[in-house]
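Spelled out from the first residue to the last, the chains are:
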Amino acid sequence: MISENISNLNKRIVAAAARCDRQSNEISLVAVSKKKTDQNILEAYQAGQRIFGENYLQEAITKTQLLPKDITWHFIGHLQSNKAKLAAEHFTVIETVDRVKLARLLDTHAAACSRTLDVLIQINIGAEQQKSGIAPEAATALLEAIKDMPQLRAKGLMIIPPYNQDPEKSRPYFRELKKLSQSFAAQNLFYDNERVELSMGMSQDFEVAIEEGATIIRVGTALFGARTY
Ligand SMILES: *Cc1c(COP(=O)(O)O)cnc(C)c1O
């Protein structure tokens, strides 16, 4: 079932990219495997999936240690400062950097284990109180600070818009994130300003996200089936 889901997803990604004259190979699919078993992940792996996203650090570390070494792991959950060390040791990409203090800790711990981390800045566009993410106005200073952190490469931006059944409700957030990334790129705030990553879109709304410029989509339910907590 998982391999069938992946093949369906890839078809939908190709179709969405074609609708807006984009190349589908510039869009990475992150398989969100939180609460899913090693067996589930291996099934996706055997179907060719190599990028996985996890939200809970302890759960994720067990998986990163047991599963094949050519998997690229993205951390996509809220990251507490006291967990920065473990995140820096076990993940390739941290998508949820939203404060200078966290960035500094990641830089220090990455240096200690001679690693370089790709990071995305999680933006909170709607200023939603319950969500993590930095306000757009504050992101410039964070990106400036990261420029002086040798182990971190600020690759782009990430967003989790408010959940809505209607994927069209996400579109303004995606559009805004893209605009923001263009303005930051014009100020040379990213590691590579010619190729800025935009992590946006989940099971519900990834096609809209692709239309609005997503380069990374994070899909759980549509790939692995519903999660049970
Ligand atoms: C759980 C989660 C996803 C995947 O959500 P689905 O709706 O299951 O596709 C994507 N991004 C983040 C940050 C998540 O926490």
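Residues numbered from 1 in each chain as written. Predicted model: local features only at pLDDT ≥ 70, side-chain atom pairs only at ≥ 80, totals over all residues. Heavy atoms only, no water.

> For this particular structure, what's the right way to read the nonpolar core?
Soluble globular proteins tend to pack their nonpolar side chains together in the buried interior. Residues Ile-94, Leu-106, Ile-146 and Leu-223 are the most contacted members of the largest nonpolar core, which totals 65 residues. With 6 residues, helix 1 (residues 2-19) is the single largest residue contributor to this core. Excluding its chain neighbours within four sequence positions, the residues that come into contact with Leu-106 are Leu-79, Ala-84, Ala-87, Ala-88, Ile-94, Val-97, Leu-117 and Leu-152. (Core = buried A, V, L, I, M, F, W, Y, C linked by side-chain atoms within 4.5 Å. Buried < 20%, exposed > 50% of the residue type's maximum accessible area, 1.4 Å probe, protein only. Helix = DSSP H or I, 4+ residues; strand = E, 2+ residues; numbered from the N terminus. Contact = heavy atoms within 4.5 Å.)

> I keep staring at the side chain of Thr-64 and nothing clicks. Help me out?
Within the fold, Thr-64 resides in helix 3 (residues 57-66). Note on Thr-64: relative accessible area 9%, which makes it buried. Polar side-chain contacts of Thr-64 include one of 2.9 Å to the backbone oxygen of Ile-61. (Polar contact = N/O pair within 3.5 Å; in protein donor to acceptor, adjacent residues only side chain to side chain.)

> Just to check I follow, could you spell out the site of the ligand for this structure?
Close to the ligand lie 13 residues; Lys-34, Asn-55, Ser-203, Gly-220 and Thr-221 are nearest. Asn-55 places a polar side-chain atom, nitrogen or oxygen, 2.7 Å from an oxygen atom of the ligand. Ser-203 is positioned with one of its side-chain polar atoms (N or O) 2.5 Å from an oxygen atom of the ligand. Here the ligand has 390 Å² of accessible area as a free molecule, and 89% of this is covered by the chains. Its residues placed into classes, the shell around the ligand shows 6 nonpolar, 4 polar and 3 charged. (Near = heavy atom within 4 Å. Areas by Shrake-Rupley, 256 points an atom, 1.4 Å probe, with all protein chains shown as cover. Nonpolar A, V, L, I, M, F, W, Y, C, P; charged D, E, K, R; others polar.)

> Would you explain helix 6 (residues 136-147) in this entry?
Given 3.6 residues per turn, any residue in an α-helix points the same way as the ones three and four places further on. End to end, helix 6 covers 17 Å across 12 residues, agreeing with the expected 16 Å (1.5 Å per residue, within 8%). For helix 6, the complete set of buried residues consists of Pro-136, Ala-139, Leu-142, Leu-143, Ala-145 and Ile-146. Projection of helix 6 onto a plane perpendicular to its axis shows the buried side chains occupying an angular sector of 155 degrees, all on one side. Of the surrounding elements, those touching the buried residues of helix 6 are strand 4 (93-97), helix 5 (100-112), strand 5 (117-122), strand 6 (152-158) and helix 7 (171-186). (Expected span 1.5 Å × (residues − 1). Arc of directions from axis to C-beta.)

> Before we go on, may I ask you to explain the pairing of strand 3 (residues 72-75) in this structure?
In regular strands, side chains alternate between the two faces of the sheet. Here 4 bridges tie strand 2 (residues 51-54) to strand 3, and the two strands are oriented parallel to one another. Across the sheet, Ile-51 pairs through a bridge with Thr-72, a residue of strand 3. This β-α-β element, strand 2 to helix 3 to strand 3, shows right-handed connectivity. Note: strand 3 against strand 4, 2 bridges, orientation parallel. What sits directly across from His-74, in strand 4, is Val-93. Running through helix 4 (residues 84-90), the crossover from strand 3 to the neighbouring parallel element strand 4 is right-handed. (Pairing = 2+ DSSP bridges. Right-handed = clockwise from strand over helix to strand, strands pointing away.)

> Is there a simple way to explain the pairing of strand 6 in this structure?
Burial of strand 6 is extensive: 5 of the 7 residues sit out of reach of the surface. Examined bridge by bridge, strand 5 and strand 6 share 6 bridges and lie parallel to one another. Paired with Ile-121 across the bridge in strand 6 is Leu-157. Pairing of strand 6 with strand 7 (residues 197-199), which is carried by 3 bridges, proceeds in the parallel orientation. Counted as the bridge partner of Gly-156 is Glu-197 from strand 7. Crossover connection from strand 6 via helix 7 to parallel strand 7: handedness right-handed.

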